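# Topology and contacts: notes
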Amino acid sequence: MHCTAFATADEYHLGNLSQELTAHGYIEVTSLPRDAANILVIGVEHSAKEGDPGTIFFFREGAAVFWNVKDKTMKHVMQLLEKHEIQPYEVALVHWENEELNYIKVEGQSKLHRGEIKLNSELDMDDTILEKFAFSNALCLSVKLAIWEATLDKFIESIQSIPEALKAGKKVKLSHKEVMQKMGELFALRHRINLSSDFLITPDFYWDRENLEELYDKTCQFLSITRRVKVMNEKLQHCMELTDLMRNHLTEKRALRLEWMIVILITIEVTVELGRVFS
């Protein structure tokens, strides 16, 4: 069986999405604890393979995780989802940066082993949903991070000519406004990674649920979440230094231009006064 995760937008309208899906015959699962906020769980009538019911987790942060769901059903749900996305991502990027793991039902404790999820077949439905939630939570982080990694790589590509131009003593064709926009993009991306997401801390939900916390942490480790965040922050720091250098350079050019304008105006004024004296 397959577990597939996509990050499709910055955020979802979960309330409206729930109404839309139930109107199309999907079933909302309401057994999650109250402190599992900003999550919508949906059950599908026909799963892809026998042995486990099809389940979908929608995270408010803009990611969806499909467990044992048919491709046809997945495509239909993704189409319905489009109406409830805030700041959707490019479709090609969404499908390129997905995450997929195989999973099976086994006897004994659930775990992630060599890239395969092993779910305890002896658990009841509610406990199984909780364990799937823990795995899905980590997968959600991974696909969101993948989108931001792609965004940062695209940004780096857009400024990669600047260091070479500076080294060669060539003029950099960027205005002060464009440089400030670049800095704004970097600050927004850094804010998303370090302040508005759970990349750097374990969510409060897991504090008194050690078994679920272990599943979440092990999956995050397998997906290299911490290392990837560290690498992104190092790249962001380098980009910030470069754009800051550009801003200072343009500020100095502007100040120098103003100084020359003042010198010229003073020269004109002196010339006019001298003309009056000698006329």
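Residues numbered from 1 in each chain as written. Predicted model: local features only at pLDDT ≥ 70, side-chain atom pairs only at ≥ 80, totals over all residues. Heavy atoms only, no water.

## Some remarks on the sheet that holds strand β3 (residues 27-29)
The sheet built from eight strands is open, its strands ordered β3-β4-β5-β6-β1-β8-β10-β9 with mixed pairing. Looking at which strands have only one partner, the edges of the open sheet turn out to be β3 and β9 (111-113). Across the sheet, the mean angle from the axis of one strand to that of its neighbour is 25°, orientation sign disregarded. When β3 meets strand β4 (residues 39-43), the two strands line up antiparallel, connected through three bridges. (Pairing = 2+ DSSP bridges. Helix = DSSP H or I, 4+ residues; strand = E, 2+ residues; numbered from the N terminus. Axes fitted to C-alpha atoms, helices over the stretch in contact; angles between N-to-C directions.)

## A short note on the environment of Glu85
On the secondary structure map, Glu85 appears in strand β7 (residues 85-88). Judged by relative accessible area, Glu85 falls into the buried class, the value being 17%. Distance in space between the C-alpha atoms of Glu85 and Ile201 is 26 Å, their sequence separation being 116 residues. Not counting chain neighbours up to four residues away, the residues in contact with Glu85 comprise Thr8, Ala9, Glu11 and Tyr12. In this structure the side chain of Glu85 is engaged in a polar contact, spanning 2.8 Å, whose partner is the side chain of Thr8. (Buried < 20%, exposed > 50% of the residue type's maximum accessible area, 1.4 Å probe, protein only. Contact = heavy atoms within 4.5 Å. Polar contact = N/O pair within 3.5 Å; in protein donor to acceptor, adjacent residues only side chain to side chain.)

## Things to note about the domain arrangement of the chain
The domain architecture assigned to the chain consists of domain 1 (2-124) and domain 2 (139-278). Here the C-alpha centroids of domain 1 and domain 2 sit 34 Å apart. Contacts between domain 1 and domain 2 engage 26 residues on the former and 19 residues on the latter. When domain 1 packs against domain 2, the two sides together hide about 1800 Å² of surface, and 71% of this comes from carbon and sulfur. (Domains from an automatic or database assignment. Buried area = accessible area lost by both parts, 1.4 Å probe.)

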